[in-house]
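An overview of the molecular structure
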Amino acid sequence: MHNTWLLIFGMFIVTFIPRMLPMLIKNIRFPNGLNKWLSYIPYAVLGALIFPGIMGAHPESASYGIIAGIVAILLAWFQKQLLLVVAGSLVTMFILQTLSI
Amino acid sequence: MNQFKIGVKSGIPIALGYLPIAITFGILSVQAGLTPALATGMSIWVFAGASQFIAVNLLQSHVPFIEIILTTFILNLRHLLMSTALSRRLTSNTLISSLLAFGITDETFVVATVDEEQQQIKASYFFGLALTSYSGWVLGTFLGSYFSTVIPANFAVGMSVALYAMFIGLLIPSMKKSWQISFIAILSGIFSWVLSLLLPQLSSGWTIIIATLVATTVGFLLPEQKEETNPCTTPGC
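Positions within a chain are numbered from 1, following the residues in the order the chain's sequence is written. Each chain is given a letter, starting from A, and each ligand a number, starting from 1, according to the order in which they appear as written. Whole-chain, interface and lining totals are the exception, using all residues; otherwise, since this is a predicted model, local features are given only for residues with pLDDT of at least 70 and side-chain atom pairs are given and counted only at 80 or more. Heavy atoms throughout the structure, all of them, feed into the side-chain values; hydrogens and water do not.

Further remarks concern the packing of helix H1 (residues 4-24) of chain A against helix H3 (residues 49-60) of chain B. It is at 12 Å that the axes of H1(A) and H3(B) come closest, and there the two elements cross at 145 degrees. Between H1(A) and H3(B) lies a crossing of right-handed hand. Every residue of H3(B) that contacts H1(A) at Thr4(A), Leu7(A) and Met11(A) is listed here: Ser51(B), Gln52(B), Ala55(B) and Leu59(B). Three classes are used, and their members are as follows: Ala, Val, Leu, Ile, Met, Phe, Trp, Tyr, Cys and Pro are nonpolar, Asp, Glu, Lys and Arg are charged, and the others, Gly among them, are polar. Here the contact of H1(A) with H3(B) is built from residues that sort into four nonpolar, three polar and no charged. All axes here are fitted lines through C-alpha atoms, helices being fitted over the stretch that makes contact, and every angle between N-to-C directions spans 0 to 180 degrees. Counting from the N terminus, the helices are DSSP H or I runs at least four residues long and the strands are E runs at least two residues long. Here a crossing is called left-handed whenever its near helix is offset anticlockwise from the far helix by less than a right angle, and right-handed whenever the offset is clockwise. Note on contacts: a residue pair qualifies if any of its non-hydrogen atoms lie within 4.5 Å across the two residues.

What follows is the structure in structure tokens.
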């Protein structure tokens, strides 16, 4: 079992390298177009993280995740408190789960 | 409020979202035969959710270490993209930035970069954000692995919706401001869905990389937003 630490060390190396490497070239100036392209990455990442993953938020039914997601969209649309968005969709999930619709 | 405190505050929803997932990871790791120290150690050193779940799963199937490490590497290549985008805006020297890069996850990255008006990201802000998220991840793993016998394994069913809700809460304000952002995000979501249906054997890391590359490039080629729809062009207004 002690050599599982070796696995953990290997995983540390291969997760840290992709995170750290771009920081070594942070002072190199990129053309404006490339910077604009990079500025879109957070939104594309968010889109890909939300969908289709949210459908697997509950193992029993994809509709639970979708309904909780719609509640989150509505809450986020009308106010800006992130914790309220999270709480609202968690409560929705619990209700759906308890009623097991 | 200083930047570190703002970072800690921004990290709280991430930490709360990580907690049930990390507890589950701790329980599953012990069930798979890892000691609580190894499970917690993995969270301390690796700090990458999907990779850790997959690693424990592969360990249980006696997959050789080198294959597990390779899978982890492929799964985390997406952070190259995120780190490059973050590096442009992080205002600190190379050494500090490289150390802070350990704290890059999908969640800390999007929280730090989603607000376009915040062009400069201070090192102390990102440190607070990453440290809070990291604490949630490590603490959850510790609790889950050391108390695995008293926590019901399915206690967290459905709770992963918290992170998705946070992603939605981060995305909607930006989508309301710009149709290009809306287009890019929706395209990326649809594209990753289609990819996961067509190529179910593709890892989630690759799906995110490919969907992100396609959606940002298409968005980049779209015409610029018209001035009248966004009258506020001076910084800080």
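Time to look at the domain arrangement of chain B. Residue and element names in this part refer to chain B. In this entry, domain limits derive from an automatic or database-based domain assignment. By the assigned domains, chain B splits into domain 1 (3-159) and domain 2 (178-222). Relative to domain 2, the C-alpha centre of domain 1 lies at a distance of 23 Å. Counting from both sides, the interface comprises seven residues of domain 1 and, opposite them, nine residues of domain 2. Roughly 610 Å² is buried in total at the junction of domain 1 and domain 2, and carbon and sulfur atoms are behind 82% of that figure. As a working definition, buried area equals the accessible area (1.4 Å probe) given up by two parts on being put together, with both sides summed.

The next subject is the environment of Leu82(A). Considering the arrangement of structural elements, one finds Leu82(A) in helix H5 (residues 82-99). Only protein chains enter the accessibility calculation, which uses a 1.4 Å probe; a residue whose area is less than 20% of its type maximum is buried, one above 50% is exposed, and one in between is partly exposed. Among the residues examined, Leu82(A) registers a relative accessible area of 19% and is labelled buried. Separated by 63 residues in the primary sequence, Leu82(A) and Arg19(A) place their C-alpha atoms 26 Å from one another. Non-local contacts of Leu82(A), meaning those with residues more than four positions away in its chain, are made with Pro13(B), Met166(B), Gly169(B) and Leu170(B).

On to the pattern of salt bridges. Residues and elements named next belong to chain B. What makes a salt bridge here is a side-chain nitrogen of Lys or Arg within 4 Å of a carboxyl oxygen of Asp or Glu, nothing more. Under the defined criterion, the tally for this structure stands at two salt bridges over all chains. Ionic pairing is found between Asp-106 and Arg-78, a salt bridge with its closest N-O pair at 2.9 Å. On the criterion of sequence distance, the pair formed by Asp-106 in helix H7 (residues 106-113) and Arg-78 in helix H5 (residues 78-87) is long-range, its members being 28 residues apart. Accessibility expressed as a relative area gives 7% for Asp-106, which makes it buried. Linking Lys-177 and Glu-117 is a salt bridge whose minimum nitrogen-to-oxygen distance equals 3.4 Å. Residue Lys-177 is found in helix H9 (residues 161-177), and its partner Glu-117 is found in the loop between H7 and strand S2 (121-122); the two are separated by 60 residues along the sequence.

A few words now on the nonpolar core. Here, the term nonpolar core denotes a set of buried Ala, Val, Leu, Ile, Met, Phe, Trp, Tyr and Cys residues that are joined through side-chain atoms within 4.5 Å. Counting residues in each nonpolar core, the largest one holds 71 residues, and the members touching the most others are Phe109(B), Phe126(B), Met166(B) and Phe167(B). For this core, the element with the highest residue contribution is H9(B), accounting for twelve residues. Split by domain, this core shows at least three residues from each of two domains, domain 1 (3-159) and domain 2 (178-222) of chain B. With near-sequence residues (within four places) excluded, Met166(B) lies in contact with Leu82(A), Val86(A), Pro13(B), Ile14(B), Glu107(B) and Val111(B).

What follows concerns the side chain of Ser192(B). Tracing the sequence through the fold places Ser192(B) in helix H10 (residues 179-198). At a separation of 2.6 Å, a polar atom in the side chain of Ser192(B) contacts the main-chain carbonyl oxygen of Phe51(A). Beyond its immediate sequence surroundings of up to four residues, Ser192(B) is in contact with Ala48(A), Phe51(A), Pro52(A), Thr207(B) and Ala211(B). Each polar contact in these results corresponds to two N or O atoms within 3.5 Å; when the atoms are within protein, one needs to be able to donate a hydrogen and the other to accept it, and residues that are neighboring in sequence are counted only if both atoms are side-chain atoms.

With that out of the way, let us pick up the interface of chain B and chain A. Taken together, the contact pairs 85 residues of chain B with 65 residues of chain A. Of the roughly 6900 Å² buried between chain B and chain A, counting both surfaces, carbon and sulfur atoms make up 78%. There are zero salt bridges connecting chain B and chain A. The greatest single-element share of the side of chain B that touches chain A, amounting to 13 residues, is contributed by H9(B).

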